[in-house]
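Report on the structure
Each chain, written out:
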Amino acid sequence: MTEARTDGVEACGTTSAAGAGCGGAPGEDPDSLSCLMAQAALGHRVLLAALLAEIGLYPGQDRVLNALWANGPMSQNRLAAAVGIDMSTMTKSLQRLERSGFVSRAPSPRNRRISVVSTTPKGDTLRAEVRRVEEELHRRLSDGLTPEQVETLRSLLGVVRRNVCRETAPSPLPAAELPGTGLREADPPATAAASR
């Protein structure tokens, strides 16, 4: 189980010294959009980590497994692109998954320099558990919201995601969207910390 505090900050983004501040900065409005987004993101990560720890996974490993279940065996490069993380983060995640017996890597029969990642039978047994975690996470995140409010929130967060991706894109060149990530090939990977 993960701890509820990180560097003196609780999962909800408050500090004991500053009350309901966003990181405890003096005069910072705890109800500002930026503060609420930061607190919600941190709370989501801590909750997800706790739920995944119950089934022996780290945050981000669920996304790797979901990509493999959806697409079948994939090259390590293609898998990193599909999940939206950099290669060093993907390598670390795969090492952990491999040590746990959930995935295997083998050279591609067509190009031995390319590593192909597959789930193992042990990894495939986690599929139902990962779905259960996703459903429980959704249930807890949407507690107190009507189905209509959940759809409104989903739509608004989609707009925020597009805005953030547009602002952080390295160039305005058009690019194809990576499947299931909401990121374009020209966009930088999602923050590595979100997938470790």
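These notes cover the structure that comes with them. (Residues numbered from 1 in each chain as written. Predicted model: local features only at pLDDT ≥ 70, side-chain atom pairs only at ≥ 80, totals over all residues. Heavy atoms only, no water.)

Strand pairing in a sheet is mediated by backbone hydrogen bonds. Such pairs are either parallel or antiparallel. Here 3 strands make up an open sheet; going across it, the order is S3-S5-S4 and the pairing antiparallel. What marks the edges here is a single partner per strand, and that holds for strand S3 (74-75) and strand S4 (103-107). Sheet topology places S4 next to strand S5 (residues 115-119); 5 bridges connect them, and they run antiparallel. Residue pairing for S5: Ser104 is matched across the bridge by Ser118. (Pairing = 2+ DSSP bridges. Helix = DSSP H or I, 4+ residues; strand = E, 2+ residues; numbered from the N terminus.)

Quick look at the nonpolar core now. Core analysis: the biggest nonpolar cluster contains 27 residues, and Leu57, Val64, Leu79, Met90, Leu94, Leu97 and Leu126 have the highest contact counts within it. Those elements that provide at least two residues to this core are helix H1 (33-53), helix H2 (61-71), helix H3 (76-83), helix H4 (87-99) and helix H6 (127-141). Of all the elements, H2 adds the most residues to this core, at 5 residues. Leaving out residues up to four positions away in the same chain, Leu79 has contacts with Val64, Ala67, Leu68, Met74, Met90, Leu94 and Val117. (Core = buried A, V, L, I, M, F, W, Y, C linked by side-chain atoms within 4.5 Å. Buried < 20%, exposed > 50% of the residue type's maximum accessible area, 1.4 Å probe, protein only. Contact = heavy atoms within 4.5 Å.)

Turning our eyes to something else, we now look at a nonpolar patch on the surface. Residues Leu33, Met37, Leu145, Leu153 and Leu157 make up a contiguous nonpolar surface patch of about 430 Å² in total accessible area. Among the secondary structure elements, those contributing two or more residues to the nonpolar patch are H1 and helix H7 (147-168). Counting through the fold element by element, Met37 comes out in helix H1. (Patch = residues over 30% accessible without salt bridge, like charges linked within 9 Å, V, L, I, M, F, W, Y side chains within 5 Å. Areas by Shrake-Rupley, 256 points an atom, 1.4 Å probe, with all protein chains shown as cover. Salt bridge = Lys/Arg side-chain N within 4 Å of Asp/Glu carboxyl O.)

Here H1 crosses H6 at 145°, and the two axes come no closer than 10 Å. Between H1 and H6 the crossing geometry is right-handed. Across the interface between the two elements, His44, Leu47, Leu48, Leu51 and Leu52 from H1 touch Val133, Glu136, Leu137, Arg140 and Leu141 from H6. By residue class, the composition of the contact of H1 with H6 is 7 nonpolar, 1 polar and 2 charged. (Axes fitted to C-alpha atoms, helices over the stretch in contact; angles between N-to-C directions. Left-handed = near helix turned anticlockwise from the far one by under 90°. Nonpolar A, V, L, I, M, F, W, Y, C, P; charged D, E, K, R; others polar.)

So, about the environment of Gln61. Structurally, the position occupied by Gln61 is in helix H2. For the pair Gln61 and Val83, spaced 22 residues apart in the sequence, the C-alpha separation amounts to 9.9 Å. In this structure, Gln61 is in contact with Gly56, Ser93, Arg96 and Leu97, ignoring residues within four places of it in sequence.

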